[in-house]
Amino acid sequence: MVNFFKAYSNPNKYAEDLPSEKILADLKVDTEWVHIIRNKIDSGEMIKAIVVVKHPKKDYYAVLDGHHRFWAQRTLGYTTIKCAVIEDFFGLGFHMTKNGMFQPDPKITRYVRIPLKRFYSYMTEFIKDPENSLKKIDNKLFQKDDF
């Protein structure tokens, strides 16, 4: 197992063979792209290993990077697939949080999140008391600091 950033930057260096039936991947893939990758594999072109994380208690792996490559190999009948297994997903989450990847841009907060929260509270108020809430909402809907 390897740290996520090493695995992502050079998955082939850290790859190991895993049984394809133990790997879980998203089904929402572009089938045309899977076909293109299959053609590359058929022509002998090397493709990058996929990056997976192991389930903490079960003998399964989830694809983090390489869903199309996984399905291309799986549909070609591969019983083992080269994978770089990252050591822990929590370390990745910590790094992403530390670097602000889960925190939206301040403009998103100001122009999307806050107005949506306000809209939600108005709708909740309206559902509880339609007649009185409309009077209150007219005055509060657009506040001068919104624009």
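Treat the numbers as computed from the prediction; the structure is a model and nothing was measured. (Residues numbered from 1 in each chain as written. Predicted model: local features only at pLDDT ≥ 70, side-chain atom pairs only at ≥ 80, totals over all residues. Heavy atoms only, no water.)

Peer 1: Please explain the packing of helix α2 (residues 31-42) against helix α3 (residues 67-75) as it appears in this structure.
Peer 2: When two helices pack together, their arrangement is captured by the angle between the axes and the distance separating the axes. Two elements in contact, α2 and α3, have axes separated by 8 Å at closest approach and are oriented at 60°. The handedness of the crossing between α2 and α3 is right-handed. Across from Trp33, Val34, Ile37, Arg38 and Ile41 in α2, the residues of α3 making contact are His68, Arg69, Trp71, Ala72, Gln73 and Thr75. Of the residues belonging to the contact of α2 with α3, the class tally is 6 nonpolar, 3 polar and 2 charged. (Axes fitted to C-alpha atoms, helices over the stretch in contact; angles between N-to-C directions. Helix = DSSP H or I, 4+ residues; strand = E, 2+ residues; numbered from the N terminus. Left-handed = near helix turned anticlockwise from the far one by under 90°. Contact = heavy atoms within 4.5 Å. Nonpolar A, V, L, I, M, F, W, Y, C, P; charged D, E, K, R; others polar.)

Peer 1: Can you help me understand the nonpolar core in this one?
Peer 2: Across soluble globular proteins, you tend to see nonpolar side chains buried next to one another. Ranked by size, the top nonpolar core spans 17 residues in total, and within it Leu18, Ile23, Ile50, Val52, Val63, Phe70 and Cys83 carry the most contacts. For Ile50, the residues in contact, after removing those within four places along its chain, are Ile23, Val63, Asp65, Gly66, Arg69, Phe70, Ile81, Lys82, Cys83 and Ala84. In terms of nonpolar packing, the next biggest core, distinct from the first, is built from 7 residues, Val2, Val51, Ala84 and Ile86 among them. (Core = buried A, V, L, I, M, F, W, Y, C linked by side-chain atoms within 4.5 Å. Buried < 20%, exposed > 50% of the residue type's maximum accessible area, 1.4 Å probe, protein only.)

Peer 1: Before we go on, may I ask you to explain α3 in this structure?
Peer 2: Each α-helix winds once per 3.6 residues, and so residues spaced three or four apart point in a common direction. The complete set of buried residues in α3 reads Arg69, Phe70, Trp71, Ala72 and Gln73. Where α3 terminates, the next one or two residues include Gly77, which has phi positive at roughly 90°.

Peer 1: Where do I start with the layout of surface pockets in this structure?
Peer 2: In this approach a probe as big as a water molecule rolls over the atoms, and the regions it shows empty are the leftover space. Of the pockets and cavities examined, the largest pocket occupies roughly 190 Å³. If you go around the largest pocket, the residues you meet are Asn12, Ile41, Glu45, Met46, Ile47, Lys48, Ala49, Gln73, Tyr78, Ile81 and Lys82. For the lining of the largest pocket, a count of residues per class yields 6 nonpolar, 2 polar and 3 charged. (1 Å grid on protein atoms, 1.4 Å probe; cavity = no way out; pocket = protein on both sides within 12 Å on 5 of 7 lines; lining within 4 Å. Points joined across faces, edges and corners; volume = space filled by probe spheres on them.)

Peer 1: Could you clarify how one ought to interpret the environment of Ala49 in this entry?
Peer 2: Position of Ala49 relative to the elements: it lies in the loop between α2 and β3 (50-54). For the pair formed by Ala49 and Ala15, sequence separation is 34 residues and the distance between their alpha carbons is 6.3 Å. When near neighbours in sequence (up to four residues on either side) are disregarded, Ala49 contacts Pro11, Asn12, Ala15, Arg69, Lys82, Cys83 and Ala84.

Peer 1: Explanation requested: the pattern of salt bridges in the structure shown.
Peer 2: Working definition: two side chains of opposite charge can pair if their charged atoms are close together. According to the stated counting rule, one finds 4 salt bridges in the structure shown. One salt bridge in this structure joins Lys22 and Asp59, with 3.8 Å as the shortest N-O distance. Remark: Asp59 occurs in the loop between β3 and β4 (61-65) and Lys22 occurs in the loop between β1 (15-19) and β2 (23-24); sequence separation between them is 37 residues. Assessed through its relative accessible area of 40%, Asp59 is described here as partly exposed. For Arg69, the salt bridge goes to Asp65, with nearest N and O atoms at 3.3 Å. Judged by relative accessible area, which is 14%, Arg69 ranks as buried. Using a relative accessible area of 16% as the deciding quantity, one classes Asp65 as buried. (Salt bridge = Lys/Arg side-chain N within 4 Å of Asp/Glu carboxyl O.)

Peer 1: So what exactly am I meant to see when it comes to the pairing of β3 here?
Peer 2: A regular strand carries its side chains on alternate faces of the sheet. The buried count for β3 comes to 4 of 5 residues, which makes it a mostly enclosed element. Across 4 bridges, the pairing between β3 and strand β5 (residues 80-86) is parallel. Paired with Val51 across the bridge in β5 is Ala84. Of the pairings in the sheet, the one linking β3 to β4 comprises 4 bridges and is antiparallel in character. (Pairing = 2+ DSSP bridges.)

Worth remembering: the numbers are spatial, not functional.
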